[in-house]
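Breakdown of the fold
If you want the building blocks of each chain, they are given just below.
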Amino acid sequence: MSGRDHRPSALMLIAAVVAVVVNGCAGTPTLASPSVTAVAVSGAPATRRPNDIPQPPVGAVALKGAGSGLAGPLYLVWLERFGATYPDIAISYDGRGSTAGIEAVSGSSLAFGAADVAMTDAELAAAPAGVLHVPTALAAISVVVNLPGVTSIQLDGATVAAIFLGRIARWNDPAIVALNAGVSLPDLPIAVVHRSDPSGGTAALATWLAAASPEWRAGPGVGRAVSWPVGTGAEGDDGMIAAVKAIEGTIGYAGSTIAGSAGLRTVKLKNPAGTFVRATSLAIGAAGETSVAGLLPDFRQPPVINAPGINAYPIVVYAFVLVRVEQADRTAGQALVAFLAWALTSGQADAPQAGFAALPGGVQSKALAELHRVTSGGSPIWP
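Attention in this report is confined to the structure presented alongside it. Note that this is a predicted model, so its numbers are computed, not measured.

Some words on the nonpolar core
Membership of the largest hydrophobic core comes to 117 residues, with the highest contact counts inside it found for Phe164 and Ile251. For this core, the leading source of residues is strand β5 (residues 131–145), giving 11 residues. Residues within four places of Phe164 in sequence aside, it is in contact with Val192, Val193, Leu205, Leu209, Trp216, Trp228, Pro229, Val230, Ile251, Gly252 and Tyr253.

Details of helix α11 (residues 281–289)
Side chains three or four residues apart in an α-helix point the same way, a direct result of the helix having 3.6 residues per turn. The set of residues buried in α11 consists of Ser281, Ala283, Ile284, Gly285, Ala287 and Gly288. Contacts from the buried residues of α11 go to β5, α10 (256–261), β13 (304–305), β14 (315–324) and α13 (350–353).

Regarding the packing of aromatic side chains
Going through the model one piece at a time under the given rule, you end up with 12 aromatic pairs. The interplanar angle of 20 degrees and the centroid separation of 6.5 Å between the aromatic rings of Phe339 and Trp342 together place this pair among those described as stacked. Here Trp342 and Phe339 lie together in helix α12 (residues 330–343), a separation of three residues that amounts to about one turn. The rings of Tyr75, Trp78, Tyr93 and Phe112 are connected pair by pair, giving a single aromatic cluster.

A short note on the sheet that holds strand β12 (residues 276–277)
Pairing is mixed across the open sheet formed by three strands, whose spatial order is β6-β11-β12. Lying at the two open borders of the sheet, with one neighbouring strand each, are β6 (154–155) and β12. Pairing between β6 and strand β11 (residues 268–270): two bridges, direction parallel. Counterpart to Leu155 in the pairing with β11 is Leu269.

A few points about the packing of helix α2 (residues 72–85) against α12
For the pair α2 and α12, the least separation of the axes is 11 Å and the interaxial angle reads 115 degrees. As the angle between them shows, α2 and α12 are arranged roughly perpendicular. Crossing hand, α2 versus α12: right-handed. Residues Trp78, Leu79, Arg81 and Phe82 of α2 pack against Ala338, Phe339, Trp342 and Ala343 of α12. Of the residues assigned to the contact of α2 with α12, the class counts are seven nonpolar, no polar and one charged.

A word on helix α7 (residues 200–212)
The terminal C-alpha atoms of α7, which comprises 13 residues, lie 19 Å apart, in line with the 18 Å expected from a rise of 1.5 Å per residue. With respect to burial, α7 is a largely interior element, 10 of its 13 residues being buried. Among the residues making up α7, those that are buried are Gly200, Gly201, Thr202, Ala203, Ala204, Leu205, Ala206, Trp208, Leu209 and Ala210.

Rules used throughout
Residues numbered from 1 in each chain as written. Predicted model: local features only at pLDDT ≥ 70, side-chain atom pairs only at ≥ 80, totals over all residues. Heavy atoms only, no water. Core = buried A, V, L, I, M, F, W, Y, C linked by side-chain atoms within 4.5 Å. Buried < 20%, exposed > 50% of the residue type's maximum accessible area, 1.4 Å probe, protein only. Helix = DSSP H or I, 4+ residues; strand = E, 2+ residues; numbered from the N terminus. Contact = heavy atoms within 4.5 Å. Phe/Tyr/Trp six-rings, centres within 6.5 Å; stacked < 30°, edge-to-face > 60°. Pairing = 2+ DSSP bridges. Axes fitted to C-alpha atoms, helices over the stretch in contact; angles between N-to-C directions. Parallel < 35°, antiparallel > 145°, perpendicular 65-115°, else oblique. Left-handed = near helix turned anticlockwise from the far one by under 90°. Nonpolar A, V, L, I, M, F, W, Y, C, P; charged D, E, K, R; others polar. Expected span 1.5 Å × (residues − 1).

As C-alpha cells, this is what we get:
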C-alpha cells in the first residue's frame, strides 16, 4: 500500500450519502497484487496458497451496495485499493445507514448491503433468499460533546444514562464533576441530541446504557429506535454531527471514526476494569478479542458491551457485509466474493489505519469459510 493517507475527508464522512465508485478511470494508480496470509478455512484445505483466494472474473463488472455509514470510512479505503488492483471491477457504496443495508438484500437491485447491527429473525424471513452476515472489521460508537475550553472529559455508563434520561441537566453537575477531578466544567445546560432514524449506533449505545441503568433498561430499553425521554432528533450521521457542532453544551453519539474526522470531542468512557478509554484501534481490538469464544454460528453478533480487560473499549460493534446466499448473476457474484475475500485477507491491514480493528483470527477464518456458501444456480461460486 502506498504511504499516502487514504482516509476520507470530514466532509465525506458527514455526508448523508457516502458514495464512491472505483473503476479503471485514467490516472488510477496500479498496485501490485496483494499478498495473502495462509488461512485455515473450514471445508477447504488447511493451508491455502495466495492463488487459492478467488480472483475477480475477466471483463468489466459493476456492483452497487448500500448500508452502514459507520463502516464507510474503511470501505472507502478498501474500494480504492481493490479498484486500483482490479480496475475492471467498479464498486459503488452508498453509506446512508444500516437500514438501507438491510433493505438492499431484502428486495432491491443492489448487489450487497452493509450493517453494523444484525438483521432480526423477521427481517431474514422477509428476505427473498438466504442472507449471510459476513463480518469485515470491528468498529466503535463514541459519545461526543461540544464543550469549548474542555480538552478532555470522561464519563461512565450510569452518568451518560442519567444525562440521556434527563436526570442530569448541567455540565457542572456533581456526578460529572466527581468523574473529572481537576477539570473546569462549564455551568452550561446539557443539550441532548439523538438519532431520529433507526440506526445500529442507537442500538449499541442503548444496549450499553441499559447495562448501566435499570431505569434505562425498564424505560427506553434497547433497539435501533427508542423513545428518547429528552433531546432533539437528528437524521443520519451528518445530522448528528451538525447538531452537536451547532450548540455549545451538546452531547450526542456517532461512529468513532466519523466523529474523529468531523473534529468532534470524544468522551473517554469507563470500562468494567475501571479504566477510562477512547475508541482507539487497540481498545476496539481488545474488546473484539473477547467475543471470539461466543461467536454465533450465523455471525449475527450483538454489540460487544463492557468487554473485560483494562484497555477494552465498552461499546464495540461488528461491521457486516450482507450477502445473498444465491446470486442471480454468477459473474457479479464472483466479483463480490473476490472483493470480500480480499477484504478479509489483504484488506485487514487497513483497518487500524482507518480507525477500526481487524477481525480476530478466529473470526477471520470463519468469515472466509462463510464465503464458500455463496452460490449461483445452486453451485458454489468459490468451491
